[in-house]
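# Structural overview for review
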Amino acid sequence: MKTEAQPSTSSLANTSWTGTVISDTVPGSQTWEDKGPFTWSAASGTSEAQVSAARVAEAQPRASQPKQISVLEAATASILKQKSTYEKVQMTEKKESEVLLARPFWSSKAEYILAQVGFSMKPSCLWRFAHLWLNSGGCSFAAIYIFMLFLVGIPLVFLEMAAGQSMRQGGMGVWKIIAPWIGGVGYSSFMVCFILGLYFNVVNSWIIFYMSQSFQFPVPWEKCPLTMNSSGFDPACEQTAPSIYFWYRQTLKASDRIEDGGSPVYSLVLPFCVCWCLVGAFMINGLKSTRKVICVLVLLPYFIIIGFFIRSLLLEGAKFGLQQLVVAKISDVYNVSVWSVAGGQVLFNTGIGLGSVASLASYMPQSNNCLSDAFLVSVINLLTLLIVTSFNFSVLGFWATIITHRCCERNAEILLKLINLGKLPRDAKPPLDLLDNPTSIYNTWFNGLPQHIKSMVLREVTECNIETQFLKASEGPKFVFLSFVEAMSFLPLSVFWSFIFFLMLLTMGLSSAIGIMQGIITPLQDNFSFFRKHTKLLIVGLFLLMFACGLFFTRPSGSHFIKLLSNHWIVFPIIVIAIFETMAVSWAYGARRFLADLTILLVVLLILFVTVMKKKSMKPITYMSWDSSTSKEVLRPYPPWALLLMITLFAIVILPIPAYFVYCLKKKIPFRPKSRDRPVTASTSLPLSHQLTPSKEVQEEEILQEKKKKYPSTSHVTS
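None of the values given here were measured: they were computed from a predicted structure. (Residues numbered from 1 in each chain as written. Predicted model: local features only at pLDDT ≥ 70, side-chain atom pairs only at ≥ 80, totals over all residues. Heavy atoms only, no water.)

For the protein chain, the helix and strand inventory stands at 30 helices and four strands. Counting across all 719 residues of the protein chain, residues that qualify as buried make up 53%. Pairs at least 24 apart in sequence give 79% of the contacts found in the protein chain among residues at least 6 apart. Accessible area of the protein chain: about 33200 Å², with a carbon and sulfur share of 64%. (Helix = DSSP H or I, 4+ residues; strand = E, 2+ residues; numbered from the N terminus. Buried < 20%, exposed > 50% of the residue type's maximum accessible area, 1.4 Å probe, protein only. Contact = heavy atoms within 4.5 Å. Areas by Shrake-Rupley, 256 points an atom, 1.4 Å probe, with all protein chains shown as cover.)

And the structure:
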């Protein structure tokens, strides 16, 4: 019998079929997996034939059988029937595959880690972290930040990675599966990510504009521009620093107040369009095209950072900058405001609450160890911040040294003129030779003056102090576009270093923009089959919409709105979303284990929300603006309608959470997923790191897929 059946099974050994298996493991959600080509083996074919023959023999009515059917005949009939069935399945799956696209995987874990790192390392994180280190306690702030990173940041990154990876869903659908009654949190994170995406590329457009201007020699922010008839320098620029003038008047063309309107700045519209075109080109073919560029966009900045770090150590004044790096204010350890700032910075730097972390993780196999990934990404993020802050302080030390040198030389010239005019006595004559070390020579002479002469000198000139100048480093984007850019102009080969610096910022900005857009595109594709089929149409339409809406932030008052959203608004929805995500996991995880593992995390988030709310409400929210009448920076309070806008936006993005809760009550959707769905494995004996793990069957299936990749000729079809 085996000898006669062998040709039939051998003929099926080479029969292959390709299909897209739809795994409907969770109500209302489907997983699209490309199973690839499958082949029958002779051994499996024989076994299937024998089992099917036995079933056919048992199924035949005994009364209607004139004689017993042989096993060989039953096996042959069963094989032919199975072949016909598989041909029908193949045709059906082929039709379905025309409509449904397979959910791809990252080609390697290294690509996935780089994508997560690229998303989290936003350019704004670099200058904001350095400024907070400088003005919020020094090493004390750094210690608090690291503590909050391990207490809050890494656990939340792990939760989002585990949720996206286990559910194979983006940020919008994953929470509806884990805890249906908190499903609205996915919509909230989607809306926050969308609002952030509207103005994020505006910052990239600033970088491109500066990069395009850095080919001039000297760079335009090094000296004031000439007047129309070239008779002298622009009077408005002479009343302030060239870098400040270039930032406000030539880059932003900023309005004096946020209330002032105006059309988009044409010099920023083209760079803004270029940014969207670049991001669109990188993502036009979905994950296939994204993973080809993500390695370059993420790795290139690190080579530039290492080069800058080595170069910065050789600068004059770098030692003074590094000394400021290790200054610690112990009193700030007991300052609740510093803790709240550090906690908010941790959430923003890690990208929590935007849905992008879960969306990027949804393209990883379910058996992947996401706990180690969360730890690795967070540590890389931290080390990058420490290295960048070190070379930032070295460059700022160089910047403060050069500015102080020029201050001393200018004071010496003024004093000599006043002495020649007879307005100061000869005893106030400064040293004539200040070329070697102007600051040291001038300060030594000044400190040796009699007190009455010193008072007369101070009435005529300003005091030149390197520590005071170092602390004048601007806040926010101006930290880069004013203080740091001015320092670059003092370097030899300033054109080269300026271009390299802005290239580093641009690549980091583009990789972060890809991560942000992935948090928008993936949920749309998961929830709408049309977008899965027409990826290019989705990307083009979405990017055109966001480009048109983002033009609002390229207006003269646009930078004031960006400050309002990025510095004061976005922290509130992120904290609220993180709180509800923790509650969702704890609900699916089980109350007993929740009390053991997640209570501290939830309490810390609640305290963080209260302290941030209290800090923002205790003093008026202000912004730095340009006063065109005096050519100086002035501090202005935000108008009441701007605060109302913040509250309205916050209410809008949080509204889906209670709305979806009411929807669940109305539709009688169960608060806890059915046991057969098993989106989360809740075990009372396992720690948190083992809770969000796939089932044994899923792990075996992924192992089988890996074997098929290595040994395609020996692959088996599993029923």
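Okay, back to it.
Here we take up the packing of helix α11 (residues 266-283) against helix α21 (residues 494-527). As a packed pair, α11 and α21 sit with axes 10 Å apart at the nearest point and diverge in direction by 65°. Relative to α21, α11 is oriented so that their crossing is right-handed. Residues Cys275, Trp276, Leu278, Val279, Phe282 and Met283 of α11 pack against Leu510, Ala513, Ile514, Met517, Gln518 and Ile521 of α21. Among the residues forming the contact of α11 with α21, the class breakdown is eleven nonpolar, one polar and no charged. (Axes fitted to C-alpha atoms, helices over the stretch in contact; angles between N-to-C directions. Left-handed = near helix turned anticlockwise from the far one by under 90°. Nonpolar A, V, L, I, M, F, W, Y, C, P; charged D, E, K, R; others polar.)

The tally for this structure, following the rule as stated, stands at 50 aromatic pairs. On the basis of an interplanar angle of 40° and a centroid distance of 5.4 Å, the ring pair of Tyr210 and Phe502 is categorised as tilted. Within this pair, whereas Tyr210 is found in helix α8 (residues 184-213), its partner Phe502 is found in helix α21, the two being separated by 292 residues in sequence. An identical accessibility class is assigned to Tyr210 and Phe502; each is buried. Centre to centre, the rings of Phe308 and Phe391 are 5.5 Å apart; their planes meet at 15°, and the pair counts as stacked. Separated by 83 residues along the polypeptide, Phe308 in helix α12 (residues 287-312) and Phe391 in helix α16 (residues 370-420) bring together distant segments of the chain. Assessed through its relative accessible area of 0%, Phe391 is described here as buried. Across from the ring centre of Phe119, 4.7 Å away, lies the NZ or CZ of Lys122, which sits over that ring. A cation sits over an aromatic face here: Lys454 above Phe446, 5.4 Å from the ring centre. (Phe/Tyr/Trp six-rings, centres within 6.5 Å; stacked < 30°, edge-to-face > 60°. Lys NZ or Arg CZ within 6 Å of the ring centre and 35° of its normal.)

Position of Ser214 among the secondary structure elements: in the loop between α8 and α9 (235-238). Engagement of the side chain of Ser214 in a polar contact is seen with the backbone oxygen of Met211, the distance being 2.6 Å. Those residues in contact with Ser214 that sit more than four places away from it in its chain are Val219, Trp221, Val495, Ser498 and Phe499. (Polar contact = N/O pair within 3.5 Å; in protein donor to acceptor, adjacent residues only side chain to side chain.)

As a further point, take empty space enclosed by the protein. If you walk through the whole model with that rule in mind, you get eight cavities of 30 Å³ or more. Looking at the largest cavity, it is lined by 19 residues, and the ones nearest its centre are Ser124, Arg128, Val203, Ile562 and Ser566. Contributing elements (two or more residues each) for the lining of the largest cavity: α5 (123-135), α8 and α24 (558-569). Considered class by class, the residues forming the lining of the largest cavity number eleven nonpolar, five polar and three charged. (1 Å grid on protein atoms, 1.4 Å probe; cavity = no way out; pocket = protein on both sides within 12 Å on 5 of 7 lines; lining within 4 Å. Points joined across faces, edges and corners; volume = space filled by probe spheres on them.)

A few words on helix α13 (residues 318-325). Among all positions of α13, only Ala318, Phe320, Gly321 and Leu325 are buried. Across the axial projection of α13, the buried residues extend over an arc of 160°, all falling on one side. Here the buried face of α13 lies against α5, α6 (139-167), α12, α16 and α19 (466-470). (Arc of directions from axis to C-beta.)

With that settled, the discussion passes to the environment of Phe391. When the C-alpha positions of Phe391 and Ile306 are compared, they lie 9.1 Å apart, and in sequence the two are 85 residues distant. Once you skip the residues sitting within four places of it in the chain, Phe391 turns out to touch Ile305, Phe308, Phe309, Ser312, Phe484 and Met504.

Relative to strand β4 (residues 632-637), strand β3 (residues 622-627) is paired through six bridges, and the arrangement is antiparallel. Looking at β4, one finds that Thr622 is bridged to Pro637. Hairpin connection of β3 to β4: four residues between the antiparallel strands, including Ser631 at a positive phi of 55°. (Pairing = 2+ DSSP bridges.)

Comment: phi is negative for the bulk of residues other than glycine, and the bulk of peptide bonds are trans. The phi dihedral of Arg168 falls on the positive side, at around 55°, and the residue is not glycine. Locating Arg168 in the fold gives a position in the loop between α6 and α7 (174-178). For Arg168, a relative accessible area of 2% corresponds to the buried category. For Ser631, which is not glycine, the phi dihedral falls at a positive 55°. Looking at Ser631, the relative accessible area reads 3%, which means it is buried.

Right, let's talk about a nonpolar patch on the surface for a bit. Together, Ile146, Phe150 and Phe375 line one region of the surface with nonpolar side chains, adding up to about 260 Å² of accessible area. Residue placement: Phe150 occurs in helix α6. (Patch = residues over 30% accessible without salt bridge, like charges linked within 9 Å, V, L, I, M, F, W, Y side chains within 5 Å. Salt bridge = Lys/Arg side-chain N within 4 Å of Asp/Glu carboxyl O.)

Within soluble globular proteins, side chains that are nonpolar generally end up buried alongside one another. Phe502 and Met517 are the most contacted members of the largest nonpolar core, which totals 181 residues. Look past the residues within four positions of Phe502 in its chain and what remains in contact with it is Ile207, Tyr210, Met211, Trp221, Phe481 and Val485. Core analysis: the next-biggest nonpolar cluster, separate from the first, contains 17 residues, Cys408, Leu434, Phe446 and Cys464 among them. (Core = buried A, V, L, I, M, F, W, Y, C linked by side-chain atoms within 4.5 Å.)

Here the focus is the state of the cysteines. One pass over the structure, following the stated rule, counts two disulfides. Covalent S-S linkage joins Cys224 and Cys237, the inter-sulfur distance amounting to 2.0 Å. Handedness here is read from the sign of the S-S torsion; for Cys224 and Cys237, about -80°, the answer is left-handed. Of this pair, Cys224 sits in the loop between α8 and α9 while Cys237 sits in helix α9; the two residues are 13 residues apart in sequence, bridging distant segments of the chain. Like Cys237, Cys224 is buried. The disulfide partner of Cys407 is Cys464, and the gap between their sulfur atoms is 1.9 Å. Here Cys407 and Cys464 share a disulfide; its torsion about the S-S bond, -75°, makes the bridge left-handed. With Cys407 in helix α16 and Cys464 in the loop between α18 (451-460) and α19, this residue pair connects regions lying 57 residues apart in the sequence. Across the protein chain, the way the bonded cysteines pair up, counted in sequence order, is 1-2, 3-4. (Disulfide = S-S within 2.5 Å.)

With that settled, the discussion passes to helix α29 (residues 656-667). Across its twelve residues, α29 extends 16 Å between first and last C-alpha, which sits within 8% of the 16 Å expected from 1.5 Å per residue. Three or more residues of α29 are buried, namely Pro656, Ile657, Tyr660 and Cys664. In a view along the axis of α29, the buried residues occupy a sector of 100°, so they form one face of it. Opposite the buried face of α29, by more than 90 degrees, sit the exposed residues Val662 and Lys666. Following α29 by one or two positions, Lys668 has its phi on the positive side, about 55°. (Expected span 1.5 Å × (residues − 1).)

Okay, the UniProt feature "binding site: Na(+)" (unreviewed entry) in the protein chain next. Here the UniProt-annotated "binding site: Na(+)" (unreviewed entry) positions come out as Gly118, Asn381 and Ser512. What stands out for the annotated residues spanning 395 residues is how close their C-alpha atoms remain, the widest pair being 12.8 Å apart. Summarising the element assignment, Gly118 is placed in helix α4 (residues 109-120). Ignoring anything within four residues of it in the chain, the contact list for Gly118 reads Val298, Met508, Ser511 and Ser512. Classification of Ser512 as buried rests on a relative accessible area of 0%. Look past the residues within four positions of Ser512 in its chain and what remains in contact with it is Gly118, Phe119, Met121, Lys122, Pro123 and Phe200. For Ser512, the side chain forms a polar contact with the main-chain oxygen of Met508, separated by 3.0 Å. (UniProt positions renumbered as here; feature names shortened; annotations may be inferred.)

What follows covers the confidence of the model for the protein chain. Per-residue confidence for the protein chain gives a mean pLDDT of 78, with 77% of residues at or over 70. Across residues 91-101 the pLDDT falls below 50, and counting only partners more than four positions away or on other chains, this stretch makes 14 contacts in the model. (pLDDT = per-residue confidence, 0-100.)

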